[in-house]
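Geometric and topological summary
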Amino acid sequence: MKNIRNMDVEWGYTGERGPENWHTLCDWFSTGAKYPYQSPINLSKDLINGVSENREINFCYKTEEFTEKEFKNTFHFIPPNTESYVVFEEEKYYLTDIHFHTPSEHTFDGEHCPVEFHLVHMNNSGDNLVVGCLFTITKEENKFSKKKAAFVWNTQTHQQWFDPSIFLPEQKSHFHYLGSLTTPPTKGPVHWFVFDTVQKLDSDFFQRIDEGMLPFNNRPVQPLNGRKIYFSE
Ligand SMILES: [Zn+2]
């Protein structure tokens, strides 16, 4: 095991550099994997043991610029000006990255969805809060489709302007639990909020971001290890 903290350590989703072996690839990954509450997990209303009203999250998102980037095995939208944020327990967490996994990383009652978007946030202390949004893919008219014009791709540049609220469902009921990053270094704690509503993603939109990506990039579900799962209506 090399004693390096290096963003360039290669990892993937199969074989020697796959999820089962991430913790062996470097000390940084090894340390992250020691956090007992790992993500993703299976979510089920049968498992809820912490129904609570103060697990609310408030979205203060606005239309801003995003840069398209492909790295670390997925497609990312990065907002260089980080103007959008959420408020959780009176703390502001700024949106720093949007990316996706296929199939979904979280499961509902043991079932994957075709796609899961992660809206990654960070507060001024460097703590992460991630919002998970699960989708099926459709050719029917949907909020991402051209007719709706809520998301218009600029094909000339790798800059896009949109309101990240487009990824959120109208119905804001959600699971909340403490977990980790789902990619190396898989460190925690990370506040996770996963909407229980499965939304519809436009098939053309999906093809655009999925082109050239791995056939799958989901970390398998992790043990609960006795942690609480909250659900807010
Ligand atoms: Zn992710």
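If you're wondering where the values come from, they're calculated on a predicted model, not measured in any experiment.

1. Description of the coordination of the zinc ion
Around the zinc ion, the protein contributes the donor atoms H99 (NE2), H101 (NE2) and H118 (ND1), which lie 2.0 Å from the metal centre. Here the donor residues for the zinc ion map to a single chain with the spacing H-x1-H-x16-H. In this pair, H101 sits in strand β6 (residues 91–101) while H118 sits in strand β8 (residues 115–122), placing the two residues 17 residues apart along the sequence. The exposure classification of H101 matches that of H118, with both residues buried.

2. Considering the pattern of salt bridges
Summed over the entire model, instances satisfying the criterion amount to three salt bridges. K62 is the partner of E83 in a salt bridge, and the nearest nitrogen-oxygen pair spans 3.0 Å. With a gap of 21 residues between them, E83 in the loop between β4 (74–78) and β5 (85–88) and K62 in the loop between β2 (58–60) and β3 (64–71) connect regions that are remote in the sequence. For E83, a relative accessible area of 31% corresponds to the partly exposed category.

3. Thoughts on unusual backbone geometry
The peptide bond linking S39 to P40 adopts the cis configuration, its omega dihedral lying at 0°. Within the secondary structure layout, P40 lies in the loop between α1 (27–33) and β1 (42–43). Omega for the bond connecting G188 with P189 falls within 30 degrees of zero, at 0°, which places this linkage in the cis form. The topology assignment puts P189 in the loop between β11 (174–179) and β12 (190–195). One non-glycine residue, E89, adopts positive backbone phi at about 50°. Within the secondary structure, E89 is located in the loop between β5 and β6.

4. Structural notes on the environment of F108
Locating F108 in the fold gives a position in strand β7 (residues 107–108). You can call F108 buried: its relative accessible area is 14%. Residues F108 and F206, spaced 98 residues apart in sequence, show a C-alpha to C-alpha distance of 21 Å. With sequence-adjacent residues up to four places away left out, F108 is seen in contact with N42, L43, L134, F175, V194, F195, D196 and V198.

5. Structural notes on the packing of aromatic side chains
A complete count under the given rule lists 28 aromatic pairs for this structure. Ring plane angle 75° and centroid distance 5.4 Å describe the contact between W11 and W22, whose orientation is recorded as edge-to-face. Taken together, the residues W11 in the segment before α1 and W22 in the segment before α1 connect sequence positions eleven residues apart. Taking the relative accessible area as the measure of exposure, W22 reaches 3% and is therefore buried. Geometrically, the ring pair formed by F135 and F144 is edge-to-face, given 6.0 Å between the ring centres and 70° between the ring planes. Note on accessibility: F135 and F144 belong to one class, buried.

6. Let's talk about the pairing of β4
Judged by how many residues are buried, β4 sits mostly within the fold: five of five residues are covered. Taking every second residue as pointing to the same face, both faces of β4 are buried, with T74, H76 and I78 on one and F75 and F77 on the other. Where β3 and β4 come together, five bridges link them in antiparallel fashion. Within β4, the residue paired with E70 across the bridge is F75. Counting the residues between successive antiparallel strands, the hairpin from β3 to β4 contains two residues, one of them, K72, with a positive phi of roughly 50°. Bridging between β4 and β6 involves two bridges; their strand directions are antiparallel. Bridge pairing in β6 links F77 to I98.

Conventions and cut-offs
Residues numbered from 1 in each chain as written. Predicted model: local features only at pLDDT ≥ 70, side-chain atom pairs only at ≥ 80, totals over all residues. Heavy atoms only, no water. Donors = N, O, S within 2.8 Å, 3.2 Å for Na, K, Ca; no water. Helix = DSSP H or I, 4+ residues; strand = E, 2+ residues; numbered from the N terminus. Buried < 20%, exposed > 50% of the residue type's maximum accessible area, 1.4 Å probe, protein only. Salt bridge = Lys/Arg side-chain N within 4 Å of Asp/Glu carboxyl O. Contact = heavy atoms within 4.5 Å. Phe/Tyr/Trp six-rings, centres within 6.5 Å; stacked < 30°, edge-to-face > 60°. Pairing = 2+ DSSP bridges.

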